[in-house]
Amino acid sequence: MPDFTDIGYLKGGNPVQREAYRVLMEHRIMDRLARYDPVVAGTIPIGIDIPGSDIDILCCAGEFNGTEAVLRENFSVYPQFGCNRINQGTDPALVCSFWIEPFEIEIFAQHKPVREQNGFRHLLAEHALLELYGKDLRREIVSLKRTGLKTEPAFARALGLPGDPYEAILQKGRELGLY
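With respect to the state of the cysteines
- This model, assessed by the stated rule, comprises 1 disulfide.
- Put simply, cysteine 83 and cysteine 96 are joined by a disulfide, and their sulfur atoms are 1.8 Å apart. Here the S-S torsion is close to 90°, and the disulfide linking cysteine 83 with cysteine 96 is therefore right-handed. Taken together, the residues span a long stretch of sequence, with cysteine 83 in strand β3 (residues 82-88) and cysteine 96 in strand β4 (residues 91-100) at a distance of 13 residues.
- Between cysteine 59, a cysteine without a disulfide, and cysteine 60, which holds the nearest cysteine sulfur, the sulfur-to-sulfur distance is 8.7 Å.
- Judged by its relative accessible area of 2%, cysteine 59 is buried.
- The exposure class assigned to cysteine 60 is partly exposed, which follows from its relative accessible area of 25%.

As structure tokens, then:
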């Protein structure tokens, strides 16, 4: 399994991964977020992105007011910058997004370590499932995403997982001993 905490793996990946790496490095995105333990998650790291997929970056933020100020200071110059506070389940989150070249960047910050966030756990579980089931699952996931399904519902449908797809993926990760 790649070390998802270091974006170096993107440099040797597919064309979209290499382009994501270039954008992140040229604009020093990870450096500017270093104090928040940033990790790129979502579809691009595991190669199931479709046209228009964004670069998701998970962060650990101790306090949202200060974090939002830092994000505004560093990224508000980019097109379509915006920040919102949301509740994901019982966990509050700060979500900031903006565009750099061909990518929308979405920064998702919570008051918990990145490795404990569902987005990181989904990344691990989905990567493991793709490794376990191979190219056929990868093709099916991409095909389902092209019909408009989000990633976790696409995995749940492809694997016949009942119930809430986000919880089902977390459960699969626990069954595989990933966390």
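Things to note about a nonpolar patch on the surface
- Side chains of Leu132, Tyr133 and Leu176 sit close together on the surface and give an oily, nonpolar patch of about 300 Å² of accessible area.
- The residue leucine 132 is located in helix α5 (residues 118-133) in this model.

Quick notes on the sheet that holds β4
- Taken in spatial order, the 5 strands make up an open sheet running β1-β2-β5-β4-β3, and their pairing is mixed. Across the chains shown, the open sheet's two edge strands, defined by having one partner strand only, are β1 (39-41) and β3. The mean angle between the axes of side-by-side strands here comes to 30°, regardless of whether they run parallel or antiparallel.
- Inspection of the sheet shows strand β2 (residues 55-60) paired to strand β5 (residues 103-110) by 6 bridges, in the parallel sense. Residue cysteine 60 lies in a different strand from β5, and its bridge partner there is glutamine 110.
- Most of the contacts of helix α2 (residues 15-26) go to β5, to which it runs at about 70°, and overall it touches β1, β2, β4 and β5.
- Contacting β3, β4 and β5, helix α4 (residues 64-75) runs over the sheet at an angle of about 5° to β4.

Some thoughts on the packing of helix α6 (residues 135-146) against helix α7 (residues 151-159)
- Where α6 contacts α7, the axes come no closer than 9 Å and their chain directions differ by 125°. When the axes of α6 and α7 are compared, the pair comes out oblique. In this structure, α6 meets α7 at a crossing whose hand is right-handed. Of the residues in α7, those touching α6 at Leu137, Glu140, Ile141, Leu144 and Lys145 are Thr151, Ala154, Phe155, Arg157, Ala158 and Leu159.
- For the contact of α6 with α7, the residue count by class is 7 nonpolar, 1 polar and 3 charged.

The rules behind each value
Residues numbered from 1 in each chain as written. Predicted model: local features only at pLDDT ≥ 70, side-chain atom pairs only at ≥ 80, totals over all residues. Heavy atoms only, no water. Disulfide = S-S within 2.5 Å. Helix = DSSP H or I, 4+ residues; strand = E, 2+ residues; numbered from the N terminus. Buried < 20%, exposed > 50% of the residue type's maximum accessible area, 1.4 Å probe, protein only. Patch = residues over 30% accessible without salt bridge, like charges linked within 9 Å, V, L, I, M, F, W, Y side chains within 5 Å. Areas by Shrake-Rupley, 256 points an atom, 1.4 Å probe, with all protein chains shown as cover. Salt bridge = Lys/Arg side-chain N within 4 Å of Asp/Glu carboxyl O. Pairing = 2+ DSSP bridges. Axes fitted to C-alpha atoms, helices over the stretch in contact; angles between N-to-C directions. Contact = heavy atoms within 4.5 Å. Parallel < 35°, antiparallel > 145°, perpendicular 65-115°, else oblique. Left-handed = near helix turned anticlockwise from the far one by under 90°. Nonpolar A, V, L, I, M, F, W, Y, C, P; charged D, E, K, R; others polar.

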